[in-house]
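# Residue-level structure breakdown
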Amino acid sequence: MFIDTHCHLSKKDYNDIDLVIKENIKVSINKMIISGCEIDSVDEAIEMTKKYDIVYATIGYHPDQASIIVDKDINNLENLLKSNEKILGIGEIGLDYHYDGIDKEKQKKLFEIQLKLAEKLDLPVIIHSRDASKDTIDILNKYKVKGIIHCFSGSLETANIYIKMGYKLGIGGVVTFKNSKLPDVIKNISLDNIVLETDSPYLTPDPYRGKINSSKYIPIIAEKISIIKNTTVEEVAKITTINCNDLFDFNR
Ligand code: NI
């Protein structure tokens, strides 16, 4: 049994969501956690959790929404988090310095408002950090929260900093890419610190790169990790599921 800790499931990306869910169940995906991270996708994520047993969600505003989100959206987020038991946490939230154009100060402000909310509601967070490790670490250190560093792709040194802070690293399709440095990082950390994710519909693992991603490819990521760690896929499934159960309360 596998858990996809981070994916996006939207009618704009998939023609037949019933089929996607069926295919996932067939390859032993037992839970998928959708990330609703814009105003529209928050609503759609909640809709999906109501429709499908295996679907859970985290909701929170992505840094690329930093110029759009206003106080009323944050209040709305808080109300939704309090009133839906299948919403497990806040995310993806964080900092993205890869593209110019989104004011860094606005990003930091939105990030911190949502970390405060996570602390207040005692919920885990899903962190999006791109080209922004230092500021992400400095800000996270100010809050007592736990969570996942989504799509981790940093150095071993950065991995160890996050692990020491109590965070799990979300590992996805990037680990299967030819020139990925992730295998070397994973070799040097314990499976106890890893959770599986696809970030579908993006970041499709090899050998399906170029096609639309889906949670059904989670076993490919688990297999790659099992080879790196010289263990079985079953062991990777077991430990990563335990890690998820430590972090998320699936019976909120
Ligand atoms: Ni994502």
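Here is a short report on the structure shown in this document. Values in this document were obtained by computation on a predicted structure and should not be read as measured data.

## Topic: the coordination of the nickel ion
At this site the nickel ion is bound by His6 (NE2), His8 (NE2), Glu92 (OE) and Asp199 (OD), with donor distances of 2.1 to 2.2 Å. Considering all 4 donor atoms around the nickel ion, the spread of angles at the metal, 84 to 176°, places the coordination shape in the irregular class. Mapped onto the sequence, the donors of the nickel ion take the spacing H-x1-H-x83-E-x106-D. Linking His8 in the loop between strand S1 (2–7) and helix H1 (17–26) with Asp199 in the loop between strand S8 (194–196) and helix H8 (218–228), this pair joins segments that are 191 residues apart in sequence.

## A word on the layout of surface pockets
Its boundaries defined by the atoms lining it, the largest pocket holds a volume of some 980 Å³. Around the largest pocket, the lining comprises 42 residues; the ones closest to its centre are His62, Glu92, His128, His150 and Asp199. For the lining of the largest pocket, the class distribution of residues is 15 nonpolar, 15 polar and 12 charged. Here the second largest pocket defines a volume of roughly 180 Å³. As for the second largest pocket, its lining consists of Ala66, Ser67, Ile69, Val70, Asp71, Ile74, Lys106, Lys109, Leu110 and Ile113. Looking at the lining of the second largest pocket, the elements with two or more residues in it are helix H3 (71–83) and helix H4 (104–121). No other element matches H4, which puts 4 residues into the lining of the second largest pocket.

## Quick word on the nonpolar core
With 56 residues, the main nonpolar core has Leu115, Val125 and Ile225 as its most contacted residues. Grouped together as the second largest cluster of nonpolar side chains are 14 residues, Cys7, Leu9, Tyr52 and Val55 included.

## So, the environment of Ser190
Considering the arrangement of structural elements, one finds Ser190 in the loop between helix H7 (182–187) and S8. Overall, Ser190 belongs to the partly exposed group, its relative accessible area being 33%. As for Ser190 and Ile163, which are separated by 27 residues in sequence, their C-alpha atoms are 9.8 Å apart. Among the polar contacts made by the side chain of Ser190, one reaches the main-chain amide nitrogen of Asp192 at a distance of 3.0 Å.

Calculation criteria
Residues numbered from 1 in each chain as written. Predicted model: local features only at pLDDT ≥ 70, side-chain atom pairs only at ≥ 80, totals over all residues. Heavy atoms only, no water. Donors = N, O, S within 2.8 Å, 3.2 Å for Na, K, Ca; no water. Tetrahedral: all angles 85-135°; square planar, octahedral: opposite > 155°, others 65-115°. Helix = DSSP H or I, 4+ residues; strand = E, 2+ residues; numbered from the N terminus. 1 Å grid on protein atoms, 1.4 Å probe; cavity = no way out; pocket = protein on both sides within 12 Å on 5 of 7 lines; lining within 4 Å. Points joined across faces, edges and corners; volume = space filled by probe spheres on them. Nonpolar A, V, L, I, M, F, W, Y, C, P; charged D, E, K, R; others polar. Core = buried A, V, L, I, M, F, W, Y, C linked by side-chain atoms within 4.5 Å. Buried < 20%, exposed > 50% of the residue type's maximum accessible area, 1.4 Å probe, protein only. Polar contact = N/O pair within 3.5 Å; in protein donor to acceptor, adjacent residues only side chain to side chain.

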